[in-house]
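# Coordinate inspection notes
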Number of protein chains: 2
Amino acid sequence: MEVITSLDNKHIKELSKLLVKKYRDQSSLFLVEGDHLVEEAFRSQALVEVITCEDEVSYQVKTTFVSYEVLKKLSSTITPQKVIGVCKKKEEKEIGKKVLLLDGIQDPGNLGTIIRSSVAFGIDTIILSFDCVDLYNDKVIRASEGLLFKQAIIRRNLEDVIHSLKEKDYVIYGTKVDGGIPIYTLVCPEKFALIMGNEGNGVRSSILDLCDMSLYIPTNKQVESLNVGVATSIILYEMRCKK
Amino acid sequence: MEVITSLDNKHIKELSKLLVKKYRDQSSLFLVEGDHLVEEAFRSQALVEVITCEDEVSYQVKTTFVSYEVLKKLSSTITPQKVIGVCKKKEEKEIGKKVLLLDGIQDPGNLGTIIRSSVAFGIDTIILSFDCVDLYNDKVIRASEGLLFKQAIIRRNLEDVIHSLKEKDYVIYGTKVDGGIPIYTLVCPEKFALIMGNEGNGVRSSILDLCDMSLYIPTNKQVESLNVGVATSIILYEMRCKK
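Residues numbered from 1 in each chain as written. Chains lettered and ligands numbered in written order. Predicted model: local features only at pLDDT ≥ 70, side-chain atom pairs only at ≥ 80, totals over all residues. Heavy atoms only, no water.

### A closer look at the overall build of chain A
Of regular secondary structure, chain A possesses nine helices and twelve strands. Projecting the C-alpha coordinates of chain A onto the three principal axes gives extents of approximately 65 × 40 × 30 Å. Split into buried and exposed, the 243 residues of chain A put 52% on the buried side. The long-range fraction of contacts in chain A, counting pairs at least 24 apart against all pairs at least 6 apart in sequence, stands at 75%. Accessible surface computed for chain A: about 11400 Å², of which carbon and sulfur atoms make up 47%. Between the centroid of the 32 positive side chains of chain A and the centroid of its 34 negative side chains there is a distance of 1 Å. (Helix = DSSP H or I, 4+ residues; strand = E, 2+ residues; numbered from the N terminus. Buried < 20%, exposed > 50% of the residue type's maximum accessible area, 1.4 Å probe, protein only. Contact = heavy atoms within 4.5 Å. Areas by Shrake-Rupley, 256 points an atom, 1.4 Å probe, with all protein chains shown as cover. Lys, Arg positive; Asp, Glu negative; His and termini not counted. Charge placed at Lys NZ, Arg CZ, Asp CG, Glu CD.)

### Quick notes on the sheet that holds strand S12 (residues 213-216) of chain A
Residues and elements named next belong to chain A. Spatially, S8-S7-S6-S11-S9-S12-S10 is the arrangement adopted by the seven strands of the open sheet, whose pairing is parallel. Each of the sheet's edge strands pairs with one partner strand only, and the pair in question is strand S8 (152-155) and strand S10 (181-182). Inspection of the sheet shows S10 paired to S12 by two bridges, in the parallel sense. Each residue of the ladder has a partner; that of Ile 181, found in S12, is Leu 215. Across the sheet, helix H5 (residues 108-120) is in contact with strand S6 (98-103), strand S7 (125-128) and S8; its angle to S6 comes to roughly 170°. (Pairing = 2+ DSSP bridges. Axes fitted to C-alpha atoms, helices over the stretch in contact; angles between N-to-C directions.)

### Focus: helix H3 (residues 35-43) of chain B
Residue and element names in this part refer to chain B. Within H3, burial applies to Leu 37, Val 38, Glu 40 and Ala 41. Taken end-on, H3 shows its buried residues confined to a sector of 160°, consistent with a single buried face. Of the surrounding secondary structure, the elements contacted by the buried residues of H3 are strand S2 (29-33), strand S3 (47-52), strand S5 (83-88) and helix H6 (138-143). (Arc of directions from axis to C-beta.)

### Comments concerning empty space enclosed by the protein
Residue and element names in this part refer to chain B. Within this structure, the stated rule accounts for one cavity of 30 Å³ or more. Every residue lining the largest cavity is counted, ten residues in all, and those nearest its centre are Lys 98, Phe 121, Phe 192, Met 239 and Arg 240. With three residues, the top contributor of residues to the lining of the largest cavity is helix H9 (residues 228-242). Taken together, the residues that form the lining of the largest cavity break down as six nonpolar, one polar and three charged. (1 Å grid on protein atoms, 1.4 Å probe; cavity = no way out; pocket = protein on both sides within 12 Å on 5 of 7 lines; lining within 4 Å. Points joined across faces, edges and corners; volume = space filled by probe spheres on them. Nonpolar A, V, L, I, M, F, W, Y, C, P; charged D, E, K, R; others polar.)

### Comments concerning the domain arrangement of chain A
Size of an interface, as often reported, equals the accessible area lost when the parts are brought together. All names here are of chain A. Assigned domains within chain A: domain 1 (3-88) and domain 2 (98-242). Of the residues lining the interface, 14 residues belong to domain 1; the matching set on domain 2 comes to eleven residues. If you look at where domain 1 meets domain 2, you find two salt bridges. Between Lys 150 and Glu 40 there is a salt bridge, with its nearest N and O atoms 3.4 Å apart. The tally of links from domain 1 across to domain 2 stands at five residue pairs in polar contact (both at pLDDT 80 or more). If you list the elements that add at least two residues to the side of domain 1 that touches domain 2, you get helix H2 (21-27), strand S2 (29-33) and helix H3 (35-43). Ranked by residue count, the leading element in the side of domain 1 that touches domain 2 is H3, at four residues. Taken together, the residues of the side of domain 1 that touches domain 2 sort by class into seven nonpolar, four polar and three charged. (Domains from an automatic or database assignment. Salt bridge = Lys/Arg side-chain N within 4 Å of Asp/Glu carboxyl O. Polar contact = N/O pair within 3.5 Å; in protein donor to acceptor, adjacent residues only side chain to side chain.)

In structure tokens:
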């Protein structure tokens, strides 16, 4: 068993570039860290290679054995776990009936949390605007708890997508901090798209103008807004119960 | 107007100790950063001093003018805002009718999010177990969006508190990933305590044993659990709508 111990190893140097978005975009590959995420990647047939400082691994994919020092070079955490997976990016799938549109989500933790909740509450497809944070950012992947592999996620111009969905009779829901209908009165249609907006600014007004109606979550007056991951999850929970 | 430019200034050195939990505990003071949080602290009468590199501030409290370099020494962010507030810790208040108990929450972002949602959905008192993350951690304060100042929050032995609440006829709800009653069937009593648990392990079984009933959020089978900030917020939303 060959163990790579040199930080200058060509293959390791190539893989370490995947810590940077530009190279993830070029190669359509990304890294995940730790047993749980590597396992989820394997089950979803996204895993193409495993890098480990353990003596053996149980995945039927190309395996590269390295020293812990070399492994650290591929890690984005302070105390790396002992296995890193190289994964291929998600393939595009047809847009489903229950769609979540995200307009300019910036915080990777929020995007990861939203992905986790979207799977929990039966969303078929997430569509990201071009200015959302990179889906393959390590913090997004960690916060999603691996559920990134179980959700269909694509990136589009949201205006174009909304026009196309409207032609196919999807009901388009915007969200505002106030105004619109309270979510508990909602009767959920068979085909819908829910739009959630940026942490600071909410959904852009040019997009809100395209919506059939706006939803809001009733809260105490002294609270201006909820965390966007929380707000999205509450609405998805309510929509699931109403279906 | 005197402007402190020396990083060795005695007062600044004392204040910079507040970045460490031990000194926050000793002094019962903590720091907040940026206009929004300082404003919230002032409104809640928690603000005792403002440190700024601006020429003037509008708060009627002791103000210390410093250079940007000195201000950075008191900041826990990479690009500090231009005003920092020194605040006194919260005073204890009587426990209200709607109580949220947090058992071992570790992530400061989760605690901040939960505080924000607890105010939004009308919780009167949050009770932290002794092993929860420090309430005055800068990430907790930021994630709470200043709503920390609007919520009564205390730290207690949870077993003792639960026994005491039971004597006063509070209904005690535990939470589990599966089992118990689904939250949408809940009819919310006048006095209750909801217990949410640690990110990895949930509520300790010794505490679950003390509960009158367990609640769960129905989700798709392939999702083991939700983010604890999300789960707490969904339950509080549901309880508010049912009251």
